[in-house]
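Breakdown of the fold
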Amino acid sequence: MRDLLPPEATARAQLASRLTRLFDAWGYQLVTTPPFEHAEVIERGLDTLDRRDLLRNVDPDTGEVALLRPDITPQIARIVATQLKDLPAPWRLAYAGSLIRQRRGRARKARQIAQAGVELVGQPDGDADVEVITLAARALERAGLEEFQIELSLVTLTRAALAELSEEARDDVEAALIRKDGAGLRAALEAAGAGREVRRRLEGAVDLYGDAGVLKEARAVFRAEGPRRSLKELAALVRRLDAAGLGPRLSLDLGEVRGASYYTGPSFTLLARGPGEPVGAGGRYDGLLGRFGAAQPATGFGIDLGN
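One structure accompanies this document, and this report is about it. (Residues numbered from 1 in each chain as written. Predicted model: local features only at pLDDT ≥ 70, side-chain atom pairs only at ≥ 80, totals over all residues. Heavy atoms only, no water.)

The next thing to look at is the overall build of the protein chain. Across its full length, the protein chain carries eleven helices and twelve strands. In terms of C-alpha radius of gyration, the protein chain reaches 19 Å, essentially the compact-globule figure of 19 Å for 307 residues. In terms of principal-axis extent, the alpha carbons of the protein chain reach across some 50 × 50 × 45 Å. The buried share of the protein chain, reckoned over its 307 residues, is 46%. Here the analysis covers contacts within the protein chain between residues at least 6 apart in sequence; of these, 68% occur between residues at least 24 apart. Total accessible area on the protein chain is roughly 15200 Å²; 49% of this is exposed by carbon and sulfur atoms. (Helix = DSSP H or I, 4+ residues; strand = E, 2+ residues; numbered from the N terminus. Rg over C-alpha atoms; globule rule 2.2 N^0.38 Å. Buried < 20%, exposed > 50% of the residue type's maximum accessible area, 1.4 Å probe, protein only. Contact = heavy atoms within 4.5 Å. Areas by Shrake-Rupley, 256 points an atom, 1.4 Å probe, with all protein chains shown as cover.)

This part covers empty space enclosed by the protein. Here the structure, examined in full by the defined rule, presents one cavity of 30 Å³ or more. Approximately 40 Å³ is the volume found for the largest cavity. Around the largest cavity, the lining residues are D129, V132, I133, L237, P266, S267, F268, G283, R284 and T299. Those elements giving two or more residues to the lining of the largest cavity turn out to be α5 (126-142), β10 (267-272) and β11 (280-284). Looking at which element gives the most residues to the lining of the largest cavity, the answer is α5, with three residues. Looking at the lining of the largest cavity, its residues break down into five nonpolar, three polar and two charged. (1 Å grid on protein atoms, 1.4 Å probe; cavity = no way out; pocket = protein on both sides within 12 Å on 5 of 7 lines; lining within 4 Å. Points joined across faces, edges and corners; volume = space filled by probe spheres on them. Nonpolar A, V, L, I, M, F, W, Y, C, P; charged D, E, K, R; others polar.)

Another point: the side chain of E256. Note on placement: E256 falls in the loop between β9 (250-253) and β10. At 2.9 Å, the side chain of E256 and the backbone nitrogen of R258 are in polar contact. Setting aside anything within four residues of it in sequence, one finds E256 in contact with E151, S153, V155, T158 and K180. (Polar contact = N/O pair within 3.5 Å; in protein donor to acceptor, adjacent residues only side chain to side chain.)

Centre-to-centre distance and the angle between the planes together describe a pair of aromatic rings. Under the counting rule described, the total for this entry stands at three aromatic pairs. Aromatic side chains Y262 and Y263 sit 5.6 Å apart centroid to centroid with 90 degrees between the ring planes, which places their arrangement in the edge-to-face category. Measuring from ring centre to ring centre gives 5.5 Å for Y262 and Y285, while their planes differ by 65 degrees; the resulting arrangement is edge-to-face. Highlighted residues: Y262 in the loop between β9 and β10 and Y285 in the loop between β11 and β12 (298-304), separated in sequence by 23 residues. With relative accessibility at 2%, the residue Y285 sits in the buried group. Aromatic ring contacts, followed pair by pair, group Y262, Y263 and Y285 into a single cluster. (Phe/Tyr/Trp six-rings, centres within 6.5 Å; stacked < 30°, edge-to-face > 60°.)

Okay, the pattern of salt bridges next. This model, assessed by the stated rule, comprises 18 salt bridges. Between R201 and E164 there is a salt bridge, and its shortest N-O distance comes to 2.6 Å. Pair noted here: R201 is in helix α9 (residues 196-205) and E164 is in the loop between α6 (155-162) and α7 (167-179), with a separation of 37 residues, a long-range link. A relative accessible area of 14% places R201 in the buried class. Linked by salt bridges that have partners in common, E164, E197, R200 and R201 make up one network. (Salt bridge = Lys/Arg side-chain N within 4 Å of Asp/Glu carboxyl O.)

On to unusual backbone geometry. The phi angle of most residues is negative, glycine excepted, and most peptide bonds adopt the trans form. In the segment running from P6 into P7, the intervening peptide bond is cis, with an omega of 0 degrees. Mapped onto the elements of the fold, P7 is located in the segment before α1 (8-25). Following A89, the chain continues into P90 via a peptide bond in cis, with omega recorded as 0 degrees. The residue P90 is located in the loop between α4 (73-82) and β5 (91-102) in this model. In this structure, K180 is a non-glycine residue whose phi angle is positive, near 60 degrees.

Pairing geometry for strand β2 (residues 36-38) and strand β4 (residues 65-68), over three bridges, is antiparallel. Directly across from E37, in β4, lies its bridge partner L67. Relative to β4, strand β3 (residues 56-58) runs antiparallel, the two sharing three bridges. Considered in β4, the bridge of R56 is made with L67. (Pairing = 2+ DSSP bridges.)

So, about the side chain of Q123. Here Q123 lies in the loop between β6 (110-121) and α5. Within the local environment of Q123, its side chain forms a polar contact with the side chain of R92, the two groups lying 3.2 Å apart. Only 3.4 Å separates the side chain of Q123 from the side chain of D125, close enough to count as a polar contact.

Dropping the structure here:
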């Protein structure tokens, strides 16, 4: 965490303003959410492993546990499920604010991220995914990026296989998948005592990245009905994005395991030269609103303004 001095502070504010004006032109209304949030709100949107990285604070007067938000999307879900529930769907909401995340690894340093993004809630069809991904591309263009890539994923595929491993074994297997390290993955799976079917899926997934041709290869790796249906839907999304003119910017990584734990469908990472890490990410999260008692389909994205 650090201060922002001139001229960086001015440039950051101007970028946030350009993006929120773009979001408004697309029909997304701005909301603001508090940097501290009740723990139970944030934790509804996270799995057990994510919760280890939360920065907690206890109100000395009430004893309530509050968190520095690591993610704004659960707050948007709370708003839609409570304060906006009587308005007709869909809800198009935009935001700009800071969040705090701890880096993984031994150092585990907290990182402050300035983020702007949108959430489209209550529109169930593929039009929502096309709209959000297209808007993400337009946002990067508005930010001045000429060369960037939109990498599509289905993290549910690999996470389902990882869930069959012991919690202790997952970190090494995930790390090998992220590195695309086939030999390291085989060693980690052997050390974990993984079953034959889990090994087949994960060892096959590590090479499923590239252009749209990997979709055909993925059907041979993920043979169950549910994954094959998800792959069919992703293929349809790729065709629609190509028709929208985004084909040259698309790539796929079907061995990806990173991303929000609440993703239930296609997700995407925004990549550009320079930062050495994604400049943004998003995806479909149809189950999150249900955790707040108001089930709705939803998708969205956030862009890191610091990159």
